[in-house]
Amino acid sequence: MNVPLRRVTVVMVILFSLLFLNLNWVQFVQHDYYKNNAYNHRVTIEEYSRQRGAILAGSETIAKSVATENSDLKYQREYPGGKPYAHLTGYQSLAIGNGGLENAQNDLLSGNAAALFVQRMRSMVTGEEVVGGNVILSVDPKLQEKAWDLLQNSSTDVAAAVAMDPQTGQVLAQVSTPSYDPTPLASHDVGEAQSAWNDLTADDSGNPVLDRSTNELYPPGSTMKVLVAAAALESGLTPDSMVPAGNEYVPPHSSNNPIRNASNQCPESELPLKEALARSCNTSFAELCVNDFNGKVDDGAETMTDMAHRFGFDEEVETPLRVEPSQLGDVSAESFLARACFGQHEVRVTPMQNAMIAAAIANDGDMMKPQVIKETQRSDKTSLSKTGAHKINSPVSGSVAKDLRTMMKAVVDNGTGTDARIDGKDVGGKTGTAERGVDDNGNPLPEHGWFMGYAMDDDEPQIAVSVVLTNTGEGGSSEATRIGGELMKAGLKE
């Protein structure tokens, strides 16, 4: 072979090799990218030509597909559940994609899940239309509506509430306000859907798309004292052990910033630990941490960091929707630690986190994974899978959990949480008022109000709740406590 021909042959081999590599790169490595690309109109037509499965709460359909007259986009999503369920269902949108469970369960709802393979193969033979699978939530529709109504009638527009079964982790109610109607986002008119999205995400909209029950972090205020009490009990103290009290405490190196109680509720120099929690003494819990739990542990900061991590701080959880990890923050300085131990400084939690803490204490120290899906089904309503209970860990022992319940019961029976009482039922909880600093003029900003708690029935934990009412100021924690009590009462088995 002469030299010029050999060169041409080499070049052709290289070009064909590059073409072959590119073809395989596109078909295999970049398959998902091109398949899911917004500009792949064929995929969009295929997705909307198939009836999507429903999302249900109990027997109530809260998301469904309805037939259209469009020859290409044959089905359109509707959301009968509306605002109370929007942060759970999410949306299916031509303009902005999918959100919420519409995204997390897309393969099942669209009919593309591996579990529906046989159904897809059968449809190829019979010519029957493939229909997506259904998602059944663990949410109790009556309790969800109750939570929604309670928050709508509260003193703030920005609030969240979570209720869950302590023994299984199943979420019984999960509400965030403000909320939104997902149906306009599902419009096949892309301009209309995009306009609806722009309105929801505008700077002055209040961000109704944000799920404040799982994706917003708040200072927990005095609800954090439950974790401090857990650490104190583990260190060897008992509910009746005497702990420091008083209405003012000055942590080391912070003489210009003393810690005080909300009022004159703890004037004694010492109180039983149970009484300090019932009265919600900031000074007691700050000093307990700084003085290493009355000298029972080597390092109060290390002990609290460990306890926070055991209860799930800094850990991601999916329900299958993502829960923002809660944070203890910097406790390296004694003044930081002191304030963190009554829920201030840099401590931040989600309402879901506080519900999980209350549930674990009610459940003898076992923390269950929160989950919003109870069952998945084929389109003919035969069961595909049922979600079983899954234990994350045991942050405290059964004996410590029992002592914590004794102390939290005292909070509700004769402490700051009496608005959560339920006649004839064993109820425990903890209130919280979370300070937010000052405005540009140095005036205190309105505080957040919190309640976390649980209700027992025949010594069995039935329901755990968490409620946050933002920017409510004075009386906010009492209102949150009342709402928590109403939710627990509604959720108890009759």
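Residues numbered from 1 in each chain as written. Predicted model: local features only at pLDDT ≥ 70, side-chain atom pairs only at ≥ 80, totals over all residues. Heavy atoms only, no water.

A word on the nonpolar core
(1) Moving on: Core analysis: the biggest nonpolar cluster contains 94 residues, and Leu-227, Phe-293, Met-304, Phe-311 and Phe-313 have the highest contact counts within it.
(2) Moving on: Broken down by element, this core gets its largest block of residues, nine residues, from helix H16 (residues 351-362).
(3) Moving on: Once residues lying within four places of it in the same chain are set aside, the contact partners of Phe-313 are Met-224, Leu-227, Ala-308, Ser-326, Gln-327, Leu-328, Val-347, Arg-348, Val-349, Gln-353 and Ile-357.
(4) Moving on: Among the nonpolar cores identified, the runner-up in size contains 26 residues, and Ala-455, Ile-463, Val-467 and Leu-492 belong to it. (Core = buried A, V, L, I, M, F, W, Y, C linked by side-chain atoms within 4.5 Å. Buried < 20%, exposed > 50% of the residue type's maximum accessible area, 1.4 Å probe, protein only. Helix = DSSP H or I, 4+ residues; strand = E, 2+ residues; numbered from the N terminus. Contact = heavy atoms within 4.5 Å.)

As for the pattern of salt bridges
(1) Moving on: Overall, the coordinates contain 14 salt bridges when judged by the stated rule.
(2) Moving on: Notably, a salt bridge pairs Arg-322 with Glu-316, separated by 3.2 Å at the nearest N-O pair.
(3) Moving on: The class for Glu-316 is exposed, based on a relative accessible area of 52%.
(4) Moving on: Lys-425 is the salt-bridge partner of Asp-457, the closest N and O atoms lying 3.0 Å from each other. Note that Asp-457 is positioned in strand E20 (residues 448-457) and Lys-425 in the loop between helix H17 (398-414) and strand E19 (426-434), a separation of 32 residues in sequence.
(5) Moving on: When its relative accessible area of 31% is taken as the criterion, Lys-425 is described as partly exposed. (Salt bridge = Lys/Arg side-chain N within 4 Å of Asp/Glu carboxyl O.)

A closer look at the pairing of strand E8 (residues 171-177)
(1) Moving on: Of all the seven residues making up E8, seven are buried; the element is thus mostly covered by neighbouring parts of the structure.
(2) Moving on: Here strand E7 (residues 159-164) runs beside E8; their pairing, made up of six bridges, is antiparallel. Bridged to Met-164 within E8 is Val-171.
(3) Moving on: Where E7 folds back on E8, the antiparallel hairpin that results is connected by six residues, among which Gly-169 adopts a positive phi of roughly 85°. (Pairing = 2+ DSSP bridges.)

Side note on the packing of helix H8 (residues 141-152) against helix H18 (residues 476-491)
(1) Moving on: Packing of H8 against H18 brings their axes to within 10 Å, and their N-to-C directions diverge by 160°. One way to sum up the angle between H8 and H18 is to call them roughly antiparallel. Note that H8 runs across H18; the crossing there is right-handed. Contacts from Leu-143, Lys-146, Ala-147, Leu-150 and Leu-151 in H8 reach Arg-482, Ile-483, Glu-486, Leu-487, Ala-490 and Gly-491 in H18. (Axes fitted to C-alpha atoms, helices over the stretch in contact; angles between N-to-C directions. Parallel < 35°, antiparallel > 145°, perpendicular 65-115°, else oblique. Left-handed = near helix turned anticlockwise from the far one by under 90°.)

Some details on a nonpolar patch on the surface
(1) Moving on: Taken together, the side chains of Met-12, Ile-14, Leu-15, Phe-16, Leu-18, Leu-19 and Leu-21 make up a nonpolar region of the molecular surface, amounting to roughly 720 Å² of accessible area.
(2) Moving on: By the element assignment, Leu-21 lies in helix H1 (residues 3-29). (Patch = residues over 30% accessible without salt bridge, like charges linked within 9 Å, V, L, I, M, F, W, Y side chains within 5 Å. Areas by Shrake-Rupley, 256 points an atom, 1.4 Å probe, with all protein chains shown as cover.)

Describing unusual backbone geometry
(1) Moving on: Residues Thr-177 and Pro-178 are joined by a peptide bond in cis, for which omega reads 5°.
(2) Moving on: Relative to the assigned elements, Pro-178 resides in the loop between E8 and helix H9 (190-201).
(3) Moving on: Pro-320 follows Thr-319 through a cis peptide bond whose omega is 20°.
(4) Moving on: Among the secondary structure elements, Pro-320 is positioned in the loop between strand E13 (317-318) and strand E14 (322-323).
(5) Moving on: A positive phi is found at Phe-293, a non-glycine position, where the angle reads about 55°.
(6) Moving on: Of note, Phe-293 is situated in helix H13 (residues 292-295).
(7) Moving on: Under the relative-accessibility criterion, Phe-293 is labelled buried at 0%.

Topic: the packing of aromatic side chains
(1) Moving on: One pass over the structure, following the stated rule, counts two aromatic pairs.
(2) Moving on: Measuring from centroid to centroid gives 6.4 Å for Tyr-218 and Trp-450, while their planes differ by 75°, and the two rings are edge-to-face. In this pair, Tyr-218 is assigned in the loop between H9 and helix H10 (225-234) and Trp-450 in strand E20, connecting sequence segments 232 residues apart. An identical accessibility class is assigned to Tyr-218 and Trp-450; each is buried. (Phe/Tyr/Trp six-rings, centres within 6.5 Å; stacked < 30°, edge-to-face > 60°.)

Topic: the sheet that holds E20
(1) Moving on: Spatial ordering of the open sheet is given by E8-E7-E21-E20-E19, a layout of five strands whose pairing is antiparallel. The open sheet has two edge strands, E8 and E19, and neither has a second partner. For this sheet the average axis-to-axis angle between neighbouring strands, irrespective of direction, equals 5°.
(2) Moving on: Pairing analysis gives nine bridges linking E19 to E20, with the strands arranged antiparallel. Within E20, the position partnered with Thr-433 by the bridge is Gly-449.
(3) Moving on: Sitting on the sheet, H16 touches E7, E8, E20 and strand E21 (460-469), and the angle it makes with E21 is about 155°.

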